[in-house]
Amino acid sequence: MVPVRDPAFYMAAGYWDSRTIADLVRANARDRPDGIAFHAPDATLTWRGYDELSTRLAGAYVAQGWRRGERLGVLLTGGALTHVAYLAAQKAGLVTVGIGPRAGDAEVAHVLRHTRAVALATRREHRGRAGAEIAARAGVRHLELTLDLPASTVEDRALGPDDLFFINSTSGTTGLPKCVGQTMNVRKYFGPLAARAAGFGPDEVVASVLPAPYGFGLWSA
């Protein structure tokens, strides 16, 4: 009997494969460069734009000097930049620590400390407060995120499909937020499963109204 935790079982069954999320985005950017990846309040991104912007941001991450496998806290309220930031981390070999958009200072500090994150990435302002102030209160470096990025390249240090790539915090309704580790193969499984169950076609537009740092919001987008 094969243990359910053995990745070989899921690979053999066809549930998992060797592709990363970055591979899937890159394939769409090649095959449907002008197709729409995201409609969001901050931007409408084509697949080519999504791929290129995430590569540029990955270069900015690498320029910070962080090592492959280090954890980066990301605190955003949603939108296209959220998914660019998540994909950029995969390309740069960093593990994203997704923090709920309404988390207070105590929750942010707890999650960053618990996951040993090296920095906190936010927009210049997060819900009316300076992102740098939130990072300072948590005792970590701050990185300002933007979609206005210079061209960049990234060395071959991307995370693999079975590497830890995302740590999402829970809503913390029973106390401080809990943290859940994710691999890309686990997250990749749910999207196609839902698409098959709903009978989605290739040109469907799907509204994801759940916060992206949480598990359901992450895979549904």
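For the structure, see preceding data.
Residues numbered from 1 in each chain as written. Predicted model: local features only at pLDDT ≥ 70, side-chain atom pairs only at ≥ 80, totals over all residues. Heavy atoms only, no water.

K.L.:
Honestly, the pattern of salt bridges in this entry has me stumped. Any pointers?
P.N.:
In a structure, side chains of opposite charge can pair up when their charged atoms sit close to one another. Summed over the entire model, instances satisfying the criterion amount to 15 salt bridges. In this structure, Asp17 and Arg19 form a salt bridge, with 2.7 Å as the shortest nitrogen-oxygen distance. On the basis of relative accessible area, Asp17 is assigned to the partly exposed category, the value being 24%. Put simply, Asp105, Arg129, Glu133 and Arg137 are held in one network by salt bridges that share partners. (Salt bridge = Lys/Arg side-chain N within 4 Å of Asp/Glu carboxyl O. Buried < 20%, exposed > 50% of the residue type's maximum accessible area, 1.4 Å probe, protein only.)

K.L.:
Help me understand helix H7 (residues 184–198), please; the structure alone is not making it clear to me.
P.N.:
Along an α-helix, residues three or four apart share an orientation, since each turn contains 3.6 residues. In a regular helix each residue adds 1.5 Å, so 15 residues correspond to 21 Å; H7 covers 22 Å between its end C-alpha atoms and thus fits that length. Buried residues of H7: Met184, Asn185, Arg187 and Lys188, and no others. Seen end-on, H7 carries its buried residues on one side only, within an arc spanning 165 degrees. Contact partners of the buried residues in H7: helix H1 (7–12), helix H2 (21–31), helix H4 (80–92), strand S9 (164–169), strand S10 (179–183) and helix H8 (215–220). Trailing H7 by a residue or two, Gly199 shows a phi angle of about 70 degrees, which is positive. (Helix = DSSP H or I, 4+ residues; strand = E, 2+ residues; numbered from the N terminus. Expected span 1.5 Å × (residues − 1). Arc of directions from axis to C-beta. Contact = heavy atoms within 4.5 Å.)

K.L.:
Help me out: how do you make sense of the nonpolar core in this one?
P.N.:
Across soluble globular proteins, you tend to see nonpolar side chains buried next to one another. If you look at the biggest cluster of nonpolar residues, it comprises 53 residues, and the most contacted ones within it are Tyr50, Tyr61, Leu120 and Leu145. In terms of residues, this core owes the most to one element, H4, which gives nine residues. Excluding anything up to four places from it in sequence, Tyr61 contacts Trp66, Leu72, Ala85, Ala88, Ala89, Ala92, Leu94, Leu143 and Leu145. (Core = buried A, V, L, I, M, F, W, Y, C linked by side-chain atoms within 4.5 Å.)

K.L.:
Is there a simple way to think about the packing of H2 against helix H3 (residues 47–63) in this case?
P.N.:
Each packed pair of helices is defined by two parameters, the angle between the axes and the distance between the axes. Following both chains from N to C, one finds H2 and H3 inclined at 135 degrees, their axes separated by 8 Å at the closest point. Considering their axes alone, H2 and H3 lie oblique with respect to each other. When the axes of H2 and H3 are compared, the crossing they make is left-handed. Residues Val25, Arg26, Asn28 and Ala29 of H2 touch H3, and the partners they reach there are Trp47, Arg48, Tyr50 and Asp51. Along the lines of polarity and charge, the residues of the contact of H2 with H3 split into four nonpolar, one polar and three charged. (Axes fitted to C-alpha atoms, helices over the stretch in contact; angles between N-to-C directions. Parallel < 35°, antiparallel > 145°, perpendicular 65-115°, else oblique. Left-handed = near helix turned anticlockwise from the far one by under 90°. Nonpolar A, V, L, I, M, F, W, Y, C, P; charged D, E, K, R; others polar.)

K.L.:
Help me understand the packing of aromatic side chains in this model?
P.N.:
Ring pairs (aromatic) are described by centroid distance and by the angle formed between their planes. Applying the stated criterion across every chain, the model contains nine aromatic pairs. Plain terms: the ring middles of Tyr15 and Tyr189 are 5.5 Å apart, the flat faces sit at 80 degrees to each other, and that makes the pair edge-to-face. Of this pair, Tyr15 sits in the loop between H1 and H2 while Tyr189 sits in helix H7, placing them 174 residues apart in sequence. In this structure Tyr15 comes out as partly exposed when scored by relative accessible area, which is 44%. With a relative accessible area of 25%, Tyr189 lands in the partly exposed category. Between Phe165 and Phe166, the aromatic rings sit 5.8 Å apart at their centres with planes inclined by 50 degrees, giving tilted as the arrangement. Counting every residue linked through ring pairs, the aromatic cluster contains Phe9, Tyr10 and Trp16. (Phe/Tyr/Trp six-rings, centres within 6.5 Å; stacked < 30°, edge-to-face > 60°.)

K.L.:
Can you walk me through a nonpolar patch on the surface in this structure?
P.N.:
Taken together, the side chains of Val209, Leu210 and Phe216 make up a nonpolar region of the molecular surface, amounting to roughly 320 Å² of accessible area. With respect to the helices and strands, Leu210 occurs in the loop between H7 and H8. (Patch = residues over 30% accessible without salt bridge, like charges linked within 9 Å, V, L, I, M, F, W, Y side chains within 5 Å. Areas by Shrake-Rupley, 256 points an atom, 1.4 Å probe, with all protein chains shown as cover.)

K.L.:
I'm lost on the environment of Arg157 in this one. Help?
P.N.:
Tracing the backbone through its elements, the reader meets Arg157 in the loop between strand S8 (141–144) and S9. The exposure class of Arg157 is buried, given its relative accessible area of 15%. For the pair Arg157 and Asp34, spaced 123 residues apart in sequence, the C-alpha separation works out to 27 Å. In contact with Arg157, not counting residues within four places along its chain, are Val62, Trp66, Arg67, Arg68, Lys91, Ala92, Gly93 and Leu94. In this structure the side chain of Arg157 is engaged in a polar contact, spanning 2.5 Å, whose partner is the backbone oxygen of Ala92. (Polar contact = N/O pair within 3.5 Å; in protein donor to acceptor, adjacent residues only side chain to side chain.)

K.L.:
Honestly, the side chain of Asp51 in this entry has me stumped. Any pointers?
P.N.:
As for its placement among the helices and strands, Asp51 is situated in helix H3. Relative accessible area serves as the criterion here: at 13%, Asp51 is assigned to the buried category. With near-sequence residues (within four places) excluded, Asp51 lies in contact with Val25, Arg26, Ala29 and Lys91.

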